[in-house]
Amino acid sequence: MDDVAELHLAVCRRFGEAVAAASGKWDRRSPCDEWDARAVLEHVIGFHDVLVLRPSGFKPDRPREDPQARWELTYEALAKALEETAPDLIPKLTRDVLVHTWDLARAVGADDRLGTAWCELFYADLPADPQALSSSGMFGVPLAVPAESDVQARLLARLGRDPSWRPSFA
């Protein structure tokens, strides 16, 4: 397995920690407009299905009503698929999983730290034009953060997330 696949699986394991923390909290609102915690999970499962698993022939049979098992089966299938191939789009998917880890963790009040090294890696890889990603319609408009903000806050803000967002239950 190459470094790209190993990084993706490491970020997916971190997402799995947020999934475990979400138990019983799936209906909580997330930083993603109009999405609850369950919708964040289903989005991450869905883009892996469409972009990696189905094309590789590794679509798992998941129980509909057990979010934790749904993610665990997705992760297992990803590990198998990435042993065989790591499509060129994996780095972008990895960045999305990382940011959705924050979305899910923040929604359910879990540890939302993403890891400085990962944030630095993905922040450095963002397009020079701050509006490039938001113009795709897949990301929000970049937000301003104080110059002294850490790299996690800068990454989230560039991807249209408000790093200070808090769920209403907090």
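Okay, so let's go over this structure. From a predicted model like this one, the values you see are computed outputs, not experimental measurements. For every chain, the first residue of the written sequence is number 1, and numbering continues from 1 along that sequence. Since the coordinates come from a predicted model, pLDDT governs what is reported: local features require at least 70, and pairs of side-chain atoms require 80 or more to be given and counted, while whole-chain, interface and lining totals use all residues. Only hydrogens and water are removed before side-chain values are computed, so all heavy atoms of the structure are retained for them.

1. Focus on helix H3 (residues 67-84)
The α-helix advances 3.6 residues per turn, and as a result positions three or four apart in sequence lie on the same side. Every helix listed is a DSSP run of H or I at least four residues long, and every strand listed is a run of E at least two residues long, numbered separately from the N terminus. The length a helix should cover is 1.5 Å for every residue beyond the first. In this model, H3 (18 residues) spans 26 Å end to end at C-alpha, consistent with the 26 Å of a helix rising 1.5 Å per residue. Residue exposure (1.4 Å probe, protein chains only): buried if accessible area is under 20% of the type maximum, exposed if over 50%, otherwise partly exposed. For H3, every residue scored as buried is listed here: Pro67, Ala69, Arg70, Trp71, Thr74, Tyr75, Ala77, Leu78, Ala79, Ala81 and Leu82. Any two residues whose heavy atoms approach within 4.5 Å at even a single point are treated as in contact. On its buried face, H3 sits against helix H1 (3-21), helix H2 (37-56) and helix H4 (90-108).

2. What about the nonpolar core?
Counting residues in hydrophobic clusters, the biggest one holds 47 residues, and the most contacted among them are Phe15, Trp71 and Leu104. Contributions of two or more residues to this core are made by H1, H2, H3, H4, helix H5 (116-124) and helix H6 (151-158). Looking at this core element by element, the count peaks at ten residues for H4. When sequence neighbours within four positions are dropped, the list of residues in contact with leucine 104 reads Phe15, Ala18, Val19, Ala22, Trp26, Ala37 and Val40. Residues enter a nonpolar core if they are buried and are Ala, Val, Leu, Ile, Met, Phe, Trp, Tyr or Cys, with the set joined through side-chain atoms within 4.5 Å.

3. Concerning the environment of threonine 74
Residue position: threonine 74 is located in helix H3. A relative accessible area of 0% places threonine 74 in the buried class. In the structure, threonine 74 is positioned 57 residues away from glutamine 131 in sequence and 32 Å away in space, judged by C-alpha atoms. Excluding residues that lie within four positions of it along the chain, threonine 74 makes contacts with Ile45, His48, Leu53, Pro60 and Arg62. Separated by 2.6 Å, the side chains of threonine 74 and arginine 62 make a polar contact. A 3.5 Å cut-off defines polar contacts: any pair of N or O atoms within that distance qualifies, except that in protein one atom must be a possible hydrogen donor and the other a possible acceptor, and neighbouring residues in sequence count only when both atoms are side-chain atoms.

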